[in-house]
Amino acid sequence: MALPCSNAATATATSDPFLYAKGITRKGAEFGSLAAAAVRFPSVRFSNPSCRVSFRRRMPERTFALFAPSDMVVSEDGLATTVAKDSSNILKFYKITQNEGINEMAIDVSRESTVSITVVGASGDLAKKKIFPALFALYYEGCLPKHFTIYGYARSKMTTEQLRTTVCQTLTCRIDQSESCGEIIEEFLDRCFYHSGHYNVEEDFAELDKALQQQEVGGRVANRLFYLSIPPDVFVDVVRCASKCASSLKGWMRMIVEKPFGRDLESSAELTRDLKQYLSEEQIFRIDHYLGKELVEDLSVLRFSNLIFEPLWSRQYIRNVQILFSEDFGTEGRGGYFDNYGIIRDIMQNHLLQILALFAMEPPVSMNAEDIRNEKVKVLRSMRPLQLEDVVVGQYKSHVKGGIKYPGYTDDKTVPSNSITPTFAAAALFIDNARWDGVPFLMKAGKALHNRRAEVRVQFRHVPGNLFKRSFGMDLDQATNELVIRVQPDEAIYLKINNKVPGLGMRLDHINLNLLYADRYSREIPDAYERLLLDAIEGERRLFIRSDELDAAWSIFTPLLKALEVRRVAPELYPYGSRGPTGAHYLAAKYHVRWGDVGSEPQNAQA
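For the structure given in this document, a descriptive report is provided here. The structure presented is a predicted model; accordingly, all values stated were derived computationally and were not measured.

It is worth spelling out unusual backbone geometry at this point. A cis amide bond links Lys259 with the next residue in sequence, Pro260, at an omega value of 5°. By secondary structure assignment, the location of Pro260 is in the loop between β15 (253-258) and α6 (265-275). A cis geometry characterises the amide bond from Gln488 onward to Pro489, with omega recorded as -20°. Along the polypeptide, Pro489 turns up in the loop between β24 (482-488) and β25 (492-500). Of note in this structure, His592 is not a glycine but carries a positive phi near 60°. Within the secondary structure layout, His592 lies in the segment after α15 (583-590).

Encoded structure:
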């Protein structure tokens, strides 16, 4: 049967056809408004090739195709898009199934939808420096829905104009400097508003609801996204007030929750229980911005789309894996928050552990959010809980370098003078499963170190019976192949290999096969918050943390954290700007490992 498309396209269903579709496309059009819905048919072929649209979600079983006959364009590779709606506001869809052929359905699309984004804690640094700039970048690239409004909400007394002035100072047109940016900024700021209120007063959120409704005009379905850029002790108050007094009556409501998600397993579970009094798990988007970083997303692509890596991704070929994080600055007057959590809770239990789970998980059934998160949970549940003997903790002290005195951690006026909170930690973790049994996963994170860096280093095993071992001397570690994934700064992937130096002799050298993103790709890499905000708007949960995943992560670190606090373990002091405490090197040596960031780095791969 030929479909009555305006372009006279035809389609034929073959055996086992299936369909993927997006709720909201990357260009921001909504499936309900039919501005640009996308479908894909790997086993269905169309005539009349045209444009290409991104897609993500699997449709229900036995629904193999769903698209509109009006203003349709289709492509030979199985992508189809529908645009606009007919004058009667009734859209005729055609469903292709293997047994029933093509059937017509009518759907009322008289009401489009809108998205209201409320940034709770809009006067804070995170909102001003990250969230509003990320939203503007999405608007600049046409990724936000056609109908959207942004509201700032905080206790600070501020007008809408004051918010716009503050936000304007943080916006840059980094995508295309040649384009008139001022006009786009003004368009964006016209969509930004401010409402002052308390975090625990339902009447204030009822007033916010009225303000949101004033922007949600035209009979559109109102969807609402709340970003909780606030301290964790008011999470539940905000969720209670927003869910009772400012939720959407007919559209969806979602909450993005910033870390920390508790201090240990018990407090995290309590927070989850409290949130679920007012929200379902599907409404809670626990954000870890490291999961939105380009190179972290590239981990799965590197492993699962390159034949040379996946066969090597196991204990048989990998000797150890190192996940490293360092900052070249201290708390700098902001130690009050940090002293309550420390480097383990702030960095290792979330950012680095999430990277480890993505790195070590088994191949998922698909790239569907639940399939990926299922595999991550399996890895985390296979890991041994950390004990004191697996960890070294440190704290930076004052140091004079180049005639400049750098303050120690306890010199910070916001930190108690007797604080033993770690600003550095190194840990050895193990995964007790068939793939990774016996392979040490070494984590290291610290403040006030010699450089700023986040990377994954995969050290492979020595070559058995190496014919050239005499050329390397006694230190065979120098001959070890190493894969390095630089997350930040200067994103890069490079592989260390051995080669012969040109000449008549047999002299070997170590070189790097490099992919430097700045050299290869001219387009600037989007900020992690851009990707995560867009995913939350689209309802894509792949890069957000599920509650059972959070429980499994805390189960690994809670025994260690309790032991550190009960025994009041004093951290080893290290100078500001150094490589950290010497105890970290002994920890690595215990497992016959040398930290990969200690040796000399290639010039073209340095931070």
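Having seen the structure, we can now continue with the description.
We now examine the environment of Leu312. When you line up the elements, Leu312 lands in the loop between α7 (294-304) and β17 (318-326). Owing to a relative accessible area of 28%, Leu312 belongs among the partly exposed residues under this scheme. Sequence separation of Leu312 and Phe460 is 148 residues, and the distance between their C-alpha atoms is 8.8 Å. Discounting residues that sit within four places of it in the chain, Leu312 has contacts with Tyr317, Ile318 and Phe460.

Turning to the sheet that holds strand β11 (residues 113-120), a few remarks are in order. Strand order in this open sheet of six strands is β13-β12-β11-β14-β15-β16, and the pairing throughout is parallel. Since the sheet does not close on itself, it has two edges, and those belong to β13 (192-196) and β16 (284-287), each with one partner. Averaged over neighbouring strand pairs, the angle between their axes works out to 20° when direction is ignored. Note: strand β14 (residues 221-228) against β15, five bridges, orientation parallel. Its bridge partner being in β15, Phe226 is matched across the sheet by Met255. This element, helix α5 (residues 235-245), spans β11, β14 and β15 of the sheet and lies at about 170° to β15.

On to α5. Taken as a whole, α5 has its buried residues at Phe235, Val238, Val239, Arg240, Cys241, Ala242 and Ser243. At its buried positions, α5 is contacted by β11, α4 (202-215), β14, β15 and α6.

This part is about empty space enclosed by the protein. If a probe as big as a water molecule is rolled over the atoms, it shows which places are left empty. One pass over the full model with this rule turns up four cavities of 30 Å³ or more. Broken down by element, the lining of the largest cavity gets its largest block of residues, three residues, from β17.

Reading guide: rules and limits
Residues numbered from 1 in each chain as written. Predicted model: local features only at pLDDT ≥ 70, side-chain atom pairs only at ≥ 80, totals over all residues. Heavy atoms only, no water. Helix = DSSP H or I, 4+ residues; strand = E, 2+ residues; numbered from the N terminus. Buried < 20%, exposed > 50% of the residue type's maximum accessible area, 1.4 Å probe, protein only. Contact = heavy atoms within 4.5 Å. Pairing = 2+ DSSP bridges. Axes fitted to C-alpha atoms, helices over the stretch in contact; angles between N-to-C directions. 1 Å grid on protein atoms, 1.4 Å probe; cavity = no way out; pocket = protein on both sides within 12 Å on 5 of 7 lines; lining within 4 Å. Points joined across faces, edges and corners; volume = space filled by probe spheres on them.

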